[in-house]
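Coordinate analysis (summary)
Chain residues, written in single-letter form:
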Amino acid sequence: QVQLVESGGGLVQAGGSLRLTCASSGDIRTINTMGWYRHAPEKQRELVAHISTGNVTNYGDSVKGRFTISRDNAKNTVYLQMNSLKPEDTADYYCNAITWSMKNFWGQGTQVTVSS
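Below, the structure is looked at part by part.

Here we look at the pattern of salt bridges
Per the stated rule, a full pass over the model turns up 4 salt bridges. Its salt-bridge partner being arginine 38, residue glutamate 46 comes within 2.6 Å of it at the nearest N-O pair. The partly exposed category is assigned to glutamate 46, whose relative accessible area is 33%. Accessibility expressed as a relative area gives 5% for arginine 38, which makes it buried. The closest approach of N and O atoms between lysine 64 and aspartate 61, which form a salt bridge, is 3.1 Å.

In structure tokens:
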């Protein structure tokens with residue numbers, strides 16, 4: 001089992017920045033890819049970014065050039081630096097981990113609100 005705990009959400013004005021943190025614990029050696037997804041009201045959940053064990057990254061089109069995902073394997077932590085935030089970035093952000101055996105684990109989520 002893998003446990004994920006997000007932090008760093010909050011309220012920010014448009015154009016501002018936030019950094020989300022996801023700390024993992026448990027059977028962390030089984031983790032391959034980690035990432036962030038978001039879910040806004042009346043919208044489908046969408047990929048924000050993910051990063052592999054080898055630090056290969058992938059971003060959703062709506063955040064490319066503004067968000068950066070990074071991973072500190074020594075601290076079992078993944079970060080999401082969000083810059084130039086827009087009101088449409090408002091959502092609940094969830095940390096995700098996928099193990100080598102393709103099991104998915106999710107955090108409880110952290111809320112991000114961007115005011116115009």
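Structure shown, so let's carry the discussion forward.
Describing the side chain of arginine 71
Among the secondary structure elements, arginine 71 is positioned in strand E7 (residues 67-72). Salt bridges are absent for the buried arginine 71, whose nearest opposite-charge side chain, aspartate 72, sits at 8.7 Å. A polar contact of 2.7 Å, which involves the side chain of arginine 71, links it to the backbone oxygen of asparagine 32. At 3.2 Å, the side chain of arginine 71 and the backbone oxygen of serine 52 are in polar contact. If sequence neighbours within four positions are ignored, arginine 71 has contacts with Ile31, Asn32, Thr33, Met34, Ile51, Ser52, Thr53, Asn55, Thr77 and Val78.

Focus: the nonpolar core
Considering soluble globular proteins, one finds that nonpolar side chains tend to be buried as a cluster. Grouped together as the largest cluster of nonpolar side chains are 28 residues, with contacts concentrated most on Trp36, Leu80, Met82 and Tyr93. Every element with two or more residues in this core is listed here: strand E1 (2-7), strand E3 (18-26), strand E4 (31-39), strand E5 (46-51), E7, strand E8 (77-82), strand E9 (91-99) and strand E11 (110-115). With 4 residues, E9 is the single largest residue contributor to this core. Apart from the residues lying within four places of it in its own chain, the contact partners of tyrosine 93 are Glu6, Leu20, Trp36, Tyr37, Arg38, Val48, Phe67, Leu80, Met82, Gly109, Thr110 and Val112.

Regarding the sheet that holds E7
Ordered by their spatial adjacency, 4 strands build an open sheet running E1-E3-E8-E7, and the pairing between neighbours is antiparallel. Two strands lie at the open edges of the sheet, namely E1 and E7, each paired on one side alone. For this sheet, the mean inter-axis angle between neighbouring strands, taken without regard to orientation, is 15 degrees.

Focus: the layout of surface pockets
If you add up the space inside the largest pocket, you get close to 150 Å³. For the largest pocket, the full set of lining residues is Ser24, Ile28, Arg29, Ile31, Met34, Thr53, Arg71, Asp72, Asn73, Asn76 and Thr77. Mapped onto the lining of the largest pocket, the elements with two or more residues apiece are E4 and E7. Of the residues that constitute the lining of the largest pocket, the class distribution is 3 nonpolar, 5 polar and 3 charged.

Here's the deal with the environment of asparagine 58
In this structure, asparagine 58 sits in strand E6 (residues 57-59). Through-space distance from the C-alpha of asparagine 58 to that of serine 115 is 27 Å; in sequence the pair is 57 residues apart.

Conventions we followed
- Residues numbered from 1 in each chain as written.
- Predicted model: local features only at pLDDT ≥ 70, side-chain atom pairs only at ≥ 80, totals over all residues.
- Heavy atoms only, no water.
- Salt bridge = Lys/Arg side-chain N within 4 Å of Asp/Glu carboxyl O.
- Buried < 20%, exposed > 50% of the residue type's maximum accessible area, 1.4 Å probe, protein only.
- Helix = DSSP H or I, 4+ residues; strand = E, 2+ residues; numbered from the N terminus.
- Lys, Arg positive; Asp, Glu negative; His and termini not counted.
- Polar contact = N/O pair within 3.5 Å; in protein donor to acceptor, adjacent residues only side chain to side chain.
- Contact = heavy atoms within 4.5 Å.
- Core = buried A, V, L, I, M, F, W, Y, C linked by side-chain atoms within 4.5 Å.
- Pairing = 2+ DSSP bridges.
- Axes fitted to C-alpha atoms, helices over the stretch in contact; angles between N-to-C directions.
- 1 Å grid on protein atoms, 1.4 Å probe; cavity = no way out; pocket = protein on both sides within 12 Å on 5 of 7 lines; lining within 4 Å.
- Points joined across faces, edges and corners; volume = space filled by probe spheres on them.
- Nonpolar A, V, L, I, M, F, W, Y, C, P; charged D, E, K, R; others polar.

Bear in mind that shape data such as this cannot, by itself, settle questions of function.
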